[in-house]
Amino acid sequence: MADSTSGSNSQVGTVRVKRGLADMLRGGVIMDVVTPAEAKIAEDAGAVAVMALERVPADIRRDGGVARMSDPAMVEGIQQAVTIPVMAKARIGHFAEAQILESLGVDYVDESEVLTPADEAHHIDKWSFTVPFVCGATNLGEALRRISEGACMIRSKGEAGTGNIVEAVRHLRSILGDIRKITQADQAELFDWAKQLQAPLGLVQEVAETGCLPVPMFCAGGIATPADASLVMQLGAEAVFVGSGIFKSEDPAPRAKAIVEATTHFRDPTMVAKVSRGLGDAMPGLEIDELETKLAERGW
Amino acid sequence: MSPIVGVLALQGASREHTDALEKLGTTVRQVRLPKDLNGLDAIVIPGGESTTISMLLESSKTFEPLSELLADGLPALGTCAGMILLATEVLDGRSDQRSFAQIDIAVRRNAFGRQIASFETDLQIKDLEEPFPGVFIRAPGAQILNPSVEILASVKRETGEETPVFCRQENVMVTSFHPELTDDLRLHQMFLEHL
């Protein structure tokens, strides 16, 4: 393992270094990859991090079966292939998978609804880990519950593997809209908000005071084009996760680079138009109403 | 008139630097395109992913004009990825990764290891009486290539070796750690005093 420093006051795994890595990823694109070769393409295109997983969500949706943590050999292969941070997914509540990923030295663990949940009531106690965690959320209550369990980054869930942005927009609007309402609430109303959201009062009060989540909020689930990235960034996401949207498209490398540039210049439609030209076909999309399984409904 | 400080805002933690500089009464401008560089008195390159920022500097055509300004003596503060981008040599970077070569150090990316080795420690900084809260996140480490580079702080490793983490050469200051993630404004103050 990496050597640490001298100084009796040196501490690893603090909230500040865990949330701090999420801060460093802001304004960037985190890309799902299933092989070292894909990880390299992602890094070449300017990804700030890669997410190692067994299958991209579109394939999980198509093939069914239980989706689990990646093979450790694959995670290690991806770590060797790139110099940017490597994240990996563990099943909801599967703390043993998370322990394995921590032992491999992954930089962030995603306790993810895209994999098949391992526990129907409990999420992982994320405070007990040195490695930081990101979790999905569809609304503010869910986000605050995950933060109370130790999550250091929240991503709006969207509906992974669909190439359809509508759910991501719904979740972002729900979380950010409720934050805006809470900042207008008086003290008595905050008790009711905490009850309605099923979230700890202390966190609700903190959100009311600061007007934002205590951890960075990124967007995931359904981003397939540079315009999608610009949309969710303008709605208030601080960075984007792209799963199937890159490697299920006709020509992954230029699309990946275009999404990176659109995420940086998201307020500049001329720039987004420029990078959107001639990218070939986006991934085939799915209508939400026709889905057999809604991944966003997993997690509690 | 207060100086205008640019904060490179292509990717990473530009907001925290903006907040710190504004608290000190500075006018701050976010820099994403060449036109944002006009009339700056200094530039801050924040933490983020250096390979990504390097790619975006190229694609936005900001690398060359910023490089010329730096060569003409534009004062610069670089933290973490910013240290890498200002260094003369990047030891294990990508072959296509360019840097501005404004401070004679060689930088090793992730010199302290992966995220699980990221740490906080109190640092003794030259010219500051009280220790400074050092926040190191997948932090780079410096090797000095020219005796005119001044080491303002270093961290002692388990091997006994001292790794420089805060260096200055003329009007370029670089840190491995993240002063912008703390409430302590002394380091930004030091930078502004040198303008």
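The rules behind the values
- Residues numbered from 1 in each chain as written.
- Chains lettered and ligands numbered in written order.
- Predicted model: local features only at pLDDT ≥ 70, side-chain atom pairs only at ≥ 80, totals over all residues.
- Heavy atoms only, no water.
- Helix = DSSP H or I, 4+ residues; strand = E, 2+ residues; numbered from the N terminus.
- Rg over C-alpha atoms; globule rule 2.2 N^0.38 Å.
- Buried < 20%, exposed > 50% of the residue type's maximum accessible area, 1.4 Å probe, protein only.
- Contact = heavy atoms within 4.5 Å.
- Pairing = 2+ DSSP bridges.
- pLDDT = per-residue confidence, 0-100.
- Axes fitted to C-alpha atoms, helices over the stretch in contact; angles between N-to-C directions.

*Asks:* Help me understand the overall build of chain B, please; the structure alone is not making it clear to me.
*Replies:* Along its length, chain B carries five helices and twelve strands. Here the C-alpha radius of gyration of chain B, 15 Å, is about what a compact globule of 195 residues would show, namely 16 Å. Dimensions of chain B, computed from the C-alpha atoms along their principal axes, are close to 45 × 40 × 35 Å. Of all 195 residues assigned to chain B, the portion counted as buried reaches 61%. Within chain B, contacts between residues separated by at least 24 positions form 62% of all contacts whose residues are at least 6 apart in sequence.

*Asks:* So what exactly am I meant to see when it comes to the pairing of strand β10 (residues 150–156) of chain B here?
*Replies:* Along any regular strand the residues' side chains alternate between the sheet's two faces. Residues and elements named next belong to chain B. With six bridges connecting them, β10 and strand β11 (residues 162–169) associate as antiparallel partners. Bridging from a neighbouring strand, Ser154 pairs with Pro164 of β11. The hairpin turn running from β10 into β11, its antiparallel successor, is five residues long, and Gly160 in that turn takes a positive phi close to 95°.

*Asks:* Please clarify how the confidence of the model for chain A should be interpreted in this entry.
*Replies:* Regions with low pLDDT should not have their predicted coordinates read in detail. Taken residue by residue, chain A gives an average pLDDT of 95. The fraction at 70 or more is 97%. A low-confidence stretch, residues 1–6 of chain A (pLDDT under 50), is modelled with 19 contacts involving residues beyond four sequence positions or located in other chains.

*Asks:* Would you take a moment to explain the sheet that holds strand β9 (residues 141–144) of chain B for this structure?
*Replies:* Within a sheet, neighbouring strands are paired by backbone hydrogen bonds and run either parallel or antiparallel to one another. Residue and element names in this part refer to chain B. Ordered in space as β5-β6-β9, the three strands form an open sheet in which the pairing is mixed. The sheet is open, and its two edges are formed by β5 (87–90) and β9, each paired on a single side. The sheet shows a mean angle of 35° between the axes of neighbouring strands, taken without regard to direction. In terms of strand pairing, strand β6 (residues 103–108) meets β9 through four bridges, oriented antiparallel. Note on β9: the bridge partner recorded for Arg108 is Gly141.

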